[in-house]
Amino acid sequence: MTDRFRRRRALGERLAGMLALRIASVLVILLVISFLTFALLYLAPGDIVKNLLGNRPVSPETVATISAQYRLDDPFITRYLDWLLSAVRGDFGTSIRLQQPVLEVIASRIEVTGLLIGLSFLFALVTAIPLGILSAARSGTALDRAASAASLLGLSAPSFALAILAITLFAILVPVFPAYGPGTGGLDRLWHLILPSAVLAMGIGAILMRMTRAAVLRELESDAVVFARSRGISENRIRRIALRSALIPIVTSAGLILTFIIGGTIIVETVFALPGIGQLLQQAVLFKDFPVVQAITLLVAAAIAVITILVDLSYLLLDPRVRTRELTS
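Residues numbered from 1 in each chain as written. Predicted model: local features only at pLDDT ≥ 70, side-chain atom pairs only at ≥ 80, totals over all residues. Heavy atoms only, no water.

Thoughts on the overall build of the protein
Across its full length, the protein carries 14 helices and zero strands. Listed N to C, the secondary structure of the protein is α-α-α-α-α-α-α-α-α-α-α-α-α-α in terms of helices and strands. Relative to its 329 residues, the protein shows a buried fraction of 38%. A fraction of 76% describes how many contacts in the protein between residues 6 or more apart in sequence connect residues 24 or more apart. Put simply, the protein shows about 18,300 Å² of open surface, and 67% of that area lies on carbon and sulfur atoms. (Helix = DSSP H or I, 4+ residues; strand = E, 2+ residues; numbered from the N terminus. Buried < 20%, exposed > 50% of the residue type's maximum accessible area, 1.4 Å probe, protein only. Contact = heavy atoms within 4.5 Å. Areas by Shrake-Rupley, 256 points an atom, 1.4 Å probe, with all protein chains shown as cover.)

Quick look at the structure:
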């Protein structure tokens, strides 16, 4: 009992150290990303003053007032350090385009994007993983060839083309789903998000299906499975063994496609006119809305980093060999 407690304590200490190291590396990465994003926006063509005032004639005093308000004449490094110090205190500034606090703007959009990401990920999981397992179990059959052809279509077709095709088929020719908009909330919002979620899930689901098929097929062809078959173990049990061994690459693939979903929301939200984070980011980049772009970029980077850490931690739950290696290393 004492030895088991010591092993668990040692493993917990190693996990805490690993987690602290990962969090520190994420903070460094976020710092680098914030600097690069600020620099790219600073160098990008366009003028914030003209974006705010439009084409109407203005006096030099008005231009000077706006430049002073947003400190546009300050050196680049001074503007960046001022933003960074404010961001560390939790103040991401005010949106130049919307004239609202950045955190409030993001909070008003995050529900739509969160639901879109969640539904897309759910659609991809419940379709791609079973199809990948079935395709591997029946490798070389007509089912396997049909699944491979479907995944190839999902991989090769651009998201905007799939979105336009889906709107044409299921919102215009056969008006089953709404063509655009987020709905009024509740079930109506979910109904409006089904079609864009399915479009977003097609591409990432194809990736997950191919990776699942490859992982399960590799395990089915391994020496351990060959030995299990020679002992007369049933095929269903062999498939369960192969699936358990393939869980780590499948989980890794699922985490990978979740990060792809976060980046892919921009196109889908634009085509379906969804007022989410992706559409907000696109508009902010075009307007050179520094505070909004910086905050969304860091939010996305932090989400991807958290997903990566959770995937790494899941290895410890799925594979005892990883726990043993962490304990003895």
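Overview of the environment of Val 306
Mapping Val 306 onto the fold places it in helix H13 (residues 290-318). C-alpha separation for the pair Val 306 and Val 26, spaced 280 residues apart in sequence, amounts to 8.7 Å.

Section: the confidence of the model for the protein
One rule of thumb: low pLDDT means the predicted coordinates there are not for detailed reading. In this model, the protein carries a mean pLDDT of 79, and residues with pLDDT of at least 70 account for 90%. Taken element by element, the protein is modelled with least confidence in helix H14 (residues 320-328), mean pLDDT 55, and with most confidence in helix H5 (residues 102-137), mean pLDDT 87. (pLDDT = per-residue confidence, 0-100.)

Details of the pattern of salt bridges
A full pass over the atoms with the stated rule returns two salt bridges. Taking the shortest distance from any N to any O, the salt bridge between Glu 111 and Arg 189 comes out at 3.3 Å. With Glu 111 in helix H5 and Arg 189 in helix H8 (residues 187-220), this pair connects stretches of sequence that are 78 residues apart. The salt bridge partner of Arg 213 is Asp 144, with a shortest N-O separation of 2.8 Å. Of this pair, Arg 213 sits in helix H8 while Asp 144 sits in helix H6 (residues 142-156); the two residues are 69 residues apart in sequence, bridging distant segments of the chain. By relative accessible area, Asp 144 is classed as buried at 5%. (Salt bridge = Lys/Arg side-chain N within 4 Å of Asp/Glu carboxyl O.)

Here we look at a nonpolar patch on the surface
A surface patch of nonpolar side chains, amounting to about 740 Å² of accessible area, comprises Leu 165, Leu 169, Phe 170, Ile 172, Leu 173, Val 174, Val 176 and Trp 191. Tallying contributions element by element places helix H7 (residues 159-173) first for the nonpolar patch, with five residues. Tracing the sequence through the fold places Leu 173 in helix H7. Since its relative accessible area comes to 59%, Leu 173 is described here as exposed. (Patch = residues over 30% accessible without salt bridge, like charges linked within 9 Å, V, L, I, M, F, W, Y side chains within 5 Å.)

Re the packing of aromatic side chains
All chains considered together, the criterion is met by eight aromatic pairs. Plain terms: the ring middles of Phe 35 and Phe 76 are 5.7 Å apart, the flat faces sit at 70° to each other, and that makes the pair edge-to-face. Taken as a pair, Phe 35 in helix H1 (residues 2-43) and Phe 76 in helix H4 (residues 76-88) lie far apart in primary sequence, 41 residues in all. Measuring from ring centre to ring centre gives 5.6 Å for Phe 38 and Phe 76, while their planes differ by 55°; the resulting arrangement is tilted. Of this pair, Phe 38 sits in helix H1 while Phe 76 is found in helix H4, placing the two residues 38 residues apart along the sequence. Phe 76 matches Phe 38 in its accessibility class, with the two residues each being buried. Among the aromatic residues, ring-to-ring pairing joins Phe 35, Phe 38, Phe 76, Tyr 80, Trp 83, Phe 92 and Phe 290 into one connected group. Seen from the ring of Phe 290, Arg 79 lies directly overhead, with NZ or CZ sitting 5.1 Å from the centre. (Phe/Tyr/Trp six-rings, centres within 6.5 Å; stacked < 30°, edge-to-face > 60°. Lys NZ or Arg CZ within 6 Å of the ring centre and 35° of its normal.)

A short note on the side chain of Thr 212
Checked against the element boundaries, Thr 212 lands in helix H8. Since its relative accessible area comes to 0%, Thr 212 is described here as buried. Polar contacts involving the side chain of Thr 212 include one to the main-chain carbonyl oxygen of Leu 208, which spans 2.8 Å. With residues near it in sequence (within four places) discarded, Thr 212 still touches Ile 129, Gly 132, Ile 133 and Ile 250. (Polar contact = N/O pair within 3.5 Å; in protein donor to acceptor, adjacent residues only side chain to side chain.)

As for the side chain of Arg 213
Look at Arg 213 and you get buried, because its relative accessible area is 14%. The residues contacting Arg 213, other than those within four sequence positions of it, are Gly 132, Ser 135, Ala 136, Ser 139, Asp 144 and Ser 148.

Description of the nonpolar core
Nonpolar side chains in soluble globular proteins generally cluster together in the buried interior. In terms of nonpolar packing, the biggest core is built from 34 residues, with Phe 121, Val 199, Ile 257, Leu 258, Ile 261, Phe 272 and Leu 274 touching the most fellow members. Mapped onto this core, the elements with two or more residues apiece are H5, H7, H8, helix H11 (247-271) and H13. Ranked by residues supplied to this core, first place goes to H8 with eight residues. Sequence-distant contacts of Ile 257, that is, excluding residues within four places in its chain, are made with Phe 121, Ala 124, Ile 204, Ile 207 and Leu 208. Core analysis: the next-biggest nonpolar cluster, separate from the first, contains 33 residues, Val 26, Val 49, Val 292 and Val 293 among them. (Core = buried A, V, L, I, M, F, W, Y, C linked by side-chain atoms within 4.5 Å.)

Re the packing of H8 against helix H10 (residues 235-245)
With their axes 8 Å apart at the nearest point, H8 and H10 run at an angle of 125° to one another. Between H8 and H10, the crossing angle belongs to the class labelled oblique. Every pair of crossing elements has a handedness; the one defined by H8 and H10 is right-handed. Along the contact surface, H8 presents Val 216, Glu 219 and Leu 220, while H10 presents Ile 238, Arg 239, Ala 242, Leu 243 and Ser 245. Classifying every residue of the contact of H8 with H10 by side-chain character gives five nonpolar, one polar and two charged. (Axes fitted to C-alpha atoms, helices over the stretch in contact; angles between N-to-C directions. Parallel < 35°, antiparallel > 145°, perpendicular 65-115°, else oblique. Left-handed = near helix turned anticlockwise from the far one by under 90°. Nonpolar A, V, L, I, M, F, W, Y, C, P; charged D, E, K, R; others polar.)

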